[in-house]
Amino acid sequence: MRGVDYRWVAALDAVIAQRGFERAAEKLCITQSAVSQRIKQLEKLMAQPLLVREQPPRPTAAGQKLLGLYRRVRLLEQEVLPEITPDDISQPLSVALATNADSLATWLLPALSPLLKSRFIELNLLVEDEARTLDKLRSGEVVGAISMEAGVIPGCVADYLGRMNYLCVASPDFQQKYFLNGVTQANLVSAPGVVFDHHDDMHEVFVQQYFNLPIGSVMKHTVRSSEAFVRIATEGIAYCLIPEVQIQRELDRGDLVNVTPELSLVRNLYWHHWALESGVLTELSERLIQYARQVLPQ
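Residues numbered from 1 in each chain as written. Predicted model: local features only at pLDDT ≥ 70, side-chain atom pairs only at ≥ 80, totals over all residues. Heavy atoms only, no water.

Asks: Looking at this structure, how should I read the overall build of the chain?
Replies: Within the chain one finds 13 helices and eleven strands. Along the first, second and third principal axes, the C-alpha set of the chain runs to 70 × 40 × 30 Å. Looking at the chain residue by residue over its 298 residues, the buried ones come to 45%. Of the contacts made within the chain by residues no fewer than 6 positions apart, 72% connect residues no fewer than 24 positions apart. Accessible surface, the chain as shown: approximately 15,200 Å² in total, 50% of it carbon and sulfur. On the chain, the mean spot of the 29 positive side-chain charges and the mean spot of the 35 negative ones are 7 Å from each other. (Helix = DSSP H or I, 4+ residues; strand = E, 2+ residues; numbered from the N terminus. Buried < 20%, exposed > 50% of the residue type's maximum accessible area, 1.4 Å probe, protein only. Contact = heavy atoms within 4.5 Å. Areas by Shrake-Rupley, 256 points an atom, 1.4 Å probe, with all protein chains shown as cover. Lys, Arg positive; Asp, Glu negative; His and termini not counted. Charge placed at Lys NZ, Arg CZ, Asp CG, Glu CD.)

This is the structure we're talking about:
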């Protein structure tokens, strides 16, 4: 960041993180006027706006790139400086990752557990739909992201993790009520399903692909929790598309039934991370990739 005063970029980072100038000033222990002045100096140096001054403030495209670079440098500082001054271990290494909810509910935490137990790491998990996690990596908010996209972001690499097989399941009672004679286009219109959020199109893709139902023609609950998907299905509230790896026990016990045994959806997962990593970040990527490839179908 040649020619850039770190304090200027820290002010920009604080305004975004604290969602305003007043809280950013409190965080940095300076006046609100000083925060504003530092950002103006940075924008003058870059010869373009870096902040959209609305409520809450948000970075421009150039601001996002600058913040991404700044956060990488900060992370490298956190990792390297303790090696130079090993007596200073008061601050944990802050690591932010973007993940889809299904990975978090199944294999991600066991993959990271040994590292979190052996290293002084402060983990920050940002949960998004797997089609949108890369946005967090592009903006510099995270150092790695689990995504369905295979395309590589400049400066990063994408490692294949494995696939998640999504089964269409319901409780035996739900099956008797709605799908007694199998799943059909007609009974899908009246049977409630469930989605993660308004970005989650998996349910719509499934009924459109296999039953030729148009978008928006089926009823769907919205629940932002993979664990709640399982509970909703076992309680007989809705039928759900759930990763097979997450519900094997429920299937074995008969709490859930695969109502479309010939049909499923497959999603390939990739680990996107910086091309230049070292130390803890390298170990994190290695552990994550190795564990995922052991537990996910290849």
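What follows continues from the structure just given.
Asks: Just checking my understanding: could you explain the packing of helix α1 (residues 6–18) against helix α3 (residues 32–46) for this structure?
Replies: In the contact formed by α1 and α3, the axes pass within 8 Å of each other and the chain directions differ by 115 degrees. The element α1 and its partner α3 pack so that their crossing is left-handed. Residues Arg 7, Trp 8, Val 9, Ala 11, Leu 12 and Val 15 of α1 form the contact with α3, whose participating residues are Val 35, Arg 38, Ile 39, Gln 41, Leu 42 and Leu 45. Residues of the contact of α1 with α3, tallied by class, amount to nine nonpolar, one polar and two charged. (Axes fitted to C-alpha atoms, helices over the stretch in contact; angles between N-to-C directions. Left-handed = near helix turned anticlockwise from the far one by under 90°. Nonpolar A, V, L, I, M, F, W, Y, C, P; charged D, E, K, R; others polar.)

Asks: Looking at this structure, I do not really get unusual backbone geometry. What am I missing?
Replies: The amide bond that connects Gln 55 to the next residue, Pro 56, takes the cis arrangement and shows omega of -5 degrees. Along the polypeptide, Pro 56 turns up in the loop between β1 (51–52) and β2 (58–59). Even without being glycine, Cys 29 reaches a positive phi, approximately 60 degrees. One can find Cys 29 in the loop between α2 (21–28) and α3. Classification of Cys 29 by relative accessible area gives exposed; the value is 69%. Phi angles above zero are rare outside glycine, and Ala 47 is one such case at about 60 degrees. Within the secondary structure, Ala 47 is located in the loop between α3 and β1.

Asks: Mind showing me how you'd approach the layout of surface pockets here?
Replies: Approximately 1,100 Å³ is the volume found for the largest pocket. Forming the walls of the largest pocket are 34 residues, and the residues nearest its centre are Asp 13, Ala 17, Arg 71, Ser 94 and Glu 141. Among the elements of the structure, α1, α2, β2, α4 (61–84), β3 (93–99) and β4 (121–127) are those that each provide at least two residues to the lining of the largest pocket. With seven residues, the top contributor of residues to the lining of the largest pocket is α4. Of the residues belonging to the lining of the largest pocket, the class tally is 17 nonpolar, eight polar and nine charged. (1 Å grid on protein atoms, 1.4 Å probe; cavity = no way out; pocket = protein on both sides within 12 Å on 5 of 7 lines; lining within 4 Å. Points joined across faces, edges and corners; volume = space filled by probe spheres on them.)

Asks: Explain helix α13 (residues 279–295) here, please?
Replies: For an α-helix the count is 3.6 residues per turn, leaving residues at separations of three or four pointing the same way. In a regular helix each residue adds 1.5 Å, so 17 residues correspond to 24 Å; α13 covers 25 Å between its end C-alpha atoms and thus fits that length. Considered for burial, the residues of α13 that qualify are Val 280, Leu 281, Glu 283, Leu 284, Ser 285, Leu 288, Ile 289 and Ala 292. (Expected span 1.5 Å × (residues − 1).)

Asks: How do you make sense of the packing of α2 against α3 when you look at a structure like this?
Replies: Packed helices, taken two at a time, are described by the angle between their axes plus the distance between the axes. At their nearest, the axes of α2 and α3 sit 8 Å apart, and the two run at 100 degrees to each other. Considered as vectors, α2 and α3 are oriented roughly perpendicular to each other. Residues Phe 21, Glu 22, Ala 24, Ala 25 and Leu 28 of α2 pack against Gln 32, Val 35, Ser 36 and Ile 39 of α3. (Parallel < 35°, antiparallel > 145°, perpendicular 65-115°, else oblique.)

Asks: When you look at the nonpolar core in this model, what are you seeing that I'm missing?
Replies: A general trend in soluble globular proteins is that nonpolar side chains are found buried together. With 51 residues, the main nonpolar core has Val 95, Trp 107, Leu 161 and Tyr 239 as its most contacted residues. Among all residues touching Val 95, those that are not within four sequence positions of it are Leu 75, Ile 121, Glu 122, Leu 123, Asn 124, Val 143, Leu 281 and Leu 284. Counting 20 residues, the second-largest nonpolar core is a separate cluster that includes Ala 14, Ile 39, Leu 42 and Leu 51. (Core = buried A, V, L, I, M, F, W, Y, C linked by side-chain atoms within 4.5 Å.)

Asks: What is the right way to read the pairing of strand β6 (residues 156–170) from this model?
Replies: Along a regular strand, successive side chains alternate from one face of the sheet to the other. Relative to strand β11 (residues 264–274), β6 runs antiparallel, the two sharing eleven bridges. Each bridged residue has a counterpart across the sheet, and for Met 164 the counterpart in β11 is Arg 267. In terms of strand pairing, β6 meets strand β10 (residues 257–258) through two bridges, oriented antiparallel. What sits directly across from Val 169, in β10, is Asn 258. (Pairing = 2+ DSSP bridges.)

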